[in-house]
Amino acid sequence: MLKRTFEKLGESYDLLVAEPKRAESGEFWTTVSLTSGDDTIWSHEIGGVDGVQSTLCALSFARRLLEAKGGFTFLGGEDLMLPDF
């Protein structure tokens, strides 16, 4: 599992990206979630033709959600350092 911590208004939020799982039909699915403490803010499964694509798409999806909400920072800056496709 991958984890990156963001901040917003002095609170920490963890972006969690699970290892891609292969479906019986052949595609891969990656679960990406945003948590704060024990609370899950959102969680989505993102599909792709392979594990690399589903992971990259999940990271890009997370970036779009975080930017849409606004106010999140990473290492003190506004650049969340996530891919944008």
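Residues numbered from 1 in each chain as written. Predicted model: local features only at pLDDT ≥ 70, side-chain atom pairs only at ≥ 80, totals over all residues. Heavy atoms only, no water.

Every regular strand shows the same layout, with side chains that alternate between the two sheet faces. Relative to strand β5 (residues 39-48), strand β4 (residues 28-36) is paired through nine bridges, and the arrangement is antiparallel. Within the sheet, the bridge partner assigned to Thr35 lies in β5 and is Thr40. Once β4 ends, the chain turns through two residues before running back antiparallel as β5, passing Gly37 with a positive phi of about 65°. (Pairing = 2+ DSSP bridges. Helix = DSSP H or I, 4+ residues; strand = E, 2+ residues; numbered from the N terminus.)

What follows concerns helix α1 (residues 51-69). Here α1 contains 19 residues, and its C-alpha end-to-end distance of 27 Å stays within 8% of the 27 Å for a straight helix at 1.5 Å per residue. Every buried residue of α1 is accounted for by Gly51, Ser54, Thr55, Ala58, Leu59, Ser60, Ala62, Arg63 and Leu66. Contacts from the buried residues of α1 go to β1 (2-8), β2 (11-17), β4 and β5. Taking the backbone nitrogen of Val52 as reference, a side-chain oxygen 3.2 Å away marks Asp50 as the first, capping residue of α1. (Expected span 1.5 Å × (residues − 1). Buried < 20%, exposed > 50% of the residue type's maximum accessible area, 1.4 Å probe, protein only. Contact = heavy atoms within 4.5 Å. Polar contact = N/O pair within 3.5 Å; in protein donor to acceptor, adjacent residues only side chain to side chain.)

A word on the side chain of Ser36. On the secondary structure map, Ser36 appears in strand β4. Here the side chain of Ser36 touches Ser12 through a polar contact of 3.4 Å, landing on its backbone oxygen. Apart from the residues lying within four places of it in its own chain, the contact partners of Ser36 are Glu11, Ser12, Tyr13 and Ile41.

Its location among the elements puts Thr30 in strand β4. A polar contact is formed between the side chain of Thr30 and the side chain of Ser54, at a distance of 2.7 Å. Those residues in contact with Thr30, other than ones at most four positions away along the chain, are Val17, Ala18, Pro20, His44, Glu45, Ile46, Gly51, Ser54, Thr55 and Ala58.

On to the environment of Gly26. Relative to the assigned elements, Gly26 resides in the loop between β3 (21-22) and β4. Given a relative accessible area of 21%, Gly26 falls into the partly exposed group. The sequence separation of Gly26 and Ser60 amounts to 34 residues, and the corresponding C-alpha distance is 22 Å.

Let us look at the packing of aromatic side chains. Per the counting criterion, the structure on display carries two aromatic pairs. On the numbers, 5.3 Å between centres and 80° between planes, the contact of Tyr13 with Phe72 is edge-to-face. Taken together, the positions of Tyr13 in strand β2 and Phe72 in the segment after α1 put the pair 59 residues apart, joining distant regions of the chain. Residues Tyr13 and Phe72 agree in their burial class; the two are buried. Arg4 extends its terminal NZ or CZ atom over the ring of Phe74, reaching a point 4.1 Å from the ring centre. (Phe/Tyr/Trp six-rings, centres within 6.5 Å; stacked < 30°, edge-to-face > 60°. Lys NZ or Arg CZ within 6 Å of the ring centre and 35° of its normal.)

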